[in-house]
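Coordinate analysis (summary)
Now for the letters of each chain:
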Amino acid sequence: MTHPLPTPDGRPQTWFEGLDALRGLAAIFVIWLHSSEMFVKIPAVAAHGTVLYDVINLAGLGRAGLIGFFAVSGFVICATLRGPLGTTLASFAIKRFFRLYPVFWVSIPFGLWAAWYLFDKPISWQLIAANITILPMLLGQPVIMGQYWSLETEALFYVLAAAMFAVGILWKGRWVLAVIALFQLVLALGVFHLIPYPEYKPWQITPYHMGIVLWGWVARMAHDRNQAAGGAYWSWIKDREFLVASALMLGPALARLALWESQTSISAAIAGPLGMAMFVGFLVFPYRYTRNAVWRFLVWVGTVSYSTYLFHPVVFYPLYWWARQHPESWVAQLHVSAYVLFAVAGTLVVAGLSFRWFEDPPNQYAHRLVKRLFPASRTSAKAKAAAG
């Protein structure tokens, strides 16, 4: 899908390109955070300084990247829920299943080896079975790799979006705003312990993340209204519903201070507004500044960002394990930047292969399957598109 506004060379602007670039930058931030926080635990590494970790941690960039991921999900995915109820929900379920699960399942044995076997953690069939569902904590089992918690949130968002579409409120801005407000109310009540508050921290902020994905959806509706009206490419940010949704999400940000302690509280509180600003910035970034290698690199990383997110601990956990086992080795005494660079480079290689072999093929198959199962709905969608 392309943006209709012209670019300096006369070609249409690919506006999803900005979202891919955001995903790419967010993925790099996440790798930077997770790898640096592991290796600074090694005394010889910490002796060289921990500034690289302190910057990414205290600035909240890793968490801000995750906020960007969630906002992009809302912006992109909700728009696919349009058409006849039955076929639309079936198509949505098929595409989301093949998008989320196959490559995730491929990552599980690698995660078991890198995060459990190497560190002598007990592995059970109950652990594996619960993680296969992508909802292990709901089944009383820990996640195999720490980043899996966000996949629970993503799956819950799919259910929420489908439910809102089924009852007819997904495309009604005021109803979406009401749901965002409800989630923020639940968050505030939980923070101040006025309702039962889960001990598992990712569940504590699930209402906030649900609000973020719906905020991304409000941004999409504002963007499309502005596009249909022929407005300037950036003027959708003045949309009234988008401004209200932004106020709803920015207002409770300070309440998140109660979820963590000390310096981490600061980074957790600013991550939300920072991630939202990154999302808006990448959507309205002038196209003329994107014709460079850095932008193309970020777009490519964004394309493989799901595999990047799934496999990055598999790349650096074994090195961390080896460094802890051999503290006298030069490999265990480098500056933390060396480990971050290794993690980023290694992860991108693995992610590129994973995308080609395990991520893209199931996604393509899902699209072919939907076209084969629902040919009538495809014809209807084409007719609607032709009608404008």
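In what follows, the structure referred to is the one given above.
Below is a short write-up of the structure. What you are looking at is a predicted structure, and each value in this text was computed from that prediction instead of being measured.

Of regular secondary structure, the protein possesses 16 helices and two strands. Put simply, the protein has 388 residues, and 52% of those count as buried. In the protein, 76% of the contacts between residues at least 6 apart in sequence involve partners at least 24 apart. Only carbon and sulfur atoms are counted for the fraction: they give 67% of the accessible area of the protein, which is about 18,100 Å².

The residue H312 is located in helix α14 (residues 305-325) in this model. For the pair formed by H312 and V350, sequence separation is 38 residues and the distance between their alpha carbons is 8.3 Å. Once residues lying within four places of it in the same chain are set aside, the contact partners of H312 are V30, I31, H34, Q147 and T347.

On to the side chain of E152, then. Within the element layout of this structure, E152 appears in helix α7 (residues 149-166). Only 3.4 Å separates the side chain of E152 from the side chain of W203, close enough to count as a polar contact. In this structure, E152 is in contact with I134, L135, P136, M137, L138, Y200 and W203, ignoring residues within four places of it in sequence.

Membership of the largest hydrophobic core comes to 113 residues, with the highest contact counts inside it found for F39, F104, Y148, L214, W215 and F279. By residue number, the principal contributor to this core is helix α1 (residues 16-39), which donates 14 residues. For F279, the contacting residues outside a window of four places in its chain are L19, L22, A71, V72, F75, W215, G216 and A219. Core analysis: the second largest hydrophobic core is formed by five residues, I94, A366, V370 and F374 among them.

With a phi close to 55 degrees, D120 is a non-glycine residue in the positive phi region. Relative to the elements of secondary structure, D120 occurs in the loop between α5 (85-117) and α6 (125-132). Classification of D120 by relative accessible area gives exposed; the value is 70%. Not every positive phi belongs to a glycine, and I134 is a case in point at roughly 75 degrees.

One number sums up the size of the second largest pocket: a volume of about 920 Å³. If you trace the second largest pocket, you find 36 residues lining it, with H34, E37, G146, Q147 and W149 closest to the centre. Residue contributions to the lining of the second largest pocket peak at six residues, all from α14.

Once that is clear, we can look at helix α4 (residues 61-77). In a regular helix each residue adds 1.5 Å, so 17 residues correspond to 24 Å; α4 covers 24 Å between its end C-alpha atoms and thus fits that length. In terms of burial, α4 is largely enclosed, as 15 of its 17 residues are buried.

Now for the packing of α1 against α14. Close contact between α1 and α14 brings their axes to 10 Å; oriented N to C, the two are set at 20 degrees. The pairing of α1 with α14 is recorded here as roughly parallel in orientation. Between α1 and α14 lies a crossing whose hand is right-handed. Every residue of α14 that contacts α1 at R23, A27, V30, I31, H34, S35, M38 and F39 is listed here: S305, T308, Y309, H312, F316, Y317, L319 and Y320. In terms of residue class, the contact of α1 with α14 is built from 10 nonpolar, five polar and one charged.

Here the structure, examined in full by the defined rule, presents six salt bridges. With a closest N to O distance of 2.9 Å, R23 and D20 form a salt bridge. One end of the pair, R23, and the other, D20, are both in helix α1, three residues apart, so they sit about a helical turn from each other. Its salt-bridge partner being D224, residue R220 comes within 2.9 Å of it at the nearest N-O pair. Here D224 and R220 lie together in helix α10 (residues 206-228), a separation of four residues that amounts to about one turn. For D224, a relative accessible area of 29% puts it in the partly exposed group.

Before going further, it helps to examine the environment of A115. Position of A115 relative to the elements: it lies in helix α5. As a C-alpha pair, A115 and M145 span 30 residues in sequence and 6.6 Å in three-dimensional space. Residues contacting A115, with those up to four places away along its chain left out, are K121, I144, M145 and Y317.

Cut-off values and rules
- Residues numbered from 1 in each chain as written.
- Predicted model: local features only at pLDDT ≥ 70, side-chain atom pairs only at ≥ 80, totals over all residues.
- Heavy atoms only, no water.
- Helix = DSSP H or I, 4+ residues; strand = E, 2+ residues; numbered from the N terminus.
- Buried < 20%, exposed > 50% of the residue type's maximum accessible area, 1.4 Å probe, protein only.
- Contact = heavy atoms within 4.5 Å.
- Areas by Shrake-Rupley, 256 points an atom, 1.4 Å probe, with all protein chains shown as cover.
- Polar contact = N/O pair within 3.5 Å; in protein donor to acceptor, adjacent residues only side chain to side chain.
- Core = buried A, V, L, I, M, F, W, Y, C linked by side-chain atoms within 4.5 Å.
- 1 Å grid on protein atoms, 1.4 Å probe; cavity = no way out; pocket = protein on both sides within 12 Å on 5 of 7 lines; lining within 4 Å.
- Points joined across faces, edges and corners; volume = space filled by probe spheres on them.
- Expected span 1.5 Å × (residues − 1).
- Axes fitted to C-alpha atoms, helices over the stretch in contact; angles between N-to-C directions.
- Parallel < 35°, antiparallel > 145°, perpendicular 65-115°, else oblique.
- Left-handed = near helix turned anticlockwise from the far one by under 90°.
- Nonpolar A, V, L, I, M, F, W, Y, C, P; charged D, E, K, R; others polar.
- Salt bridge = Lys/Arg side-chain N within 4 Å of Asp/Glu carboxyl O.

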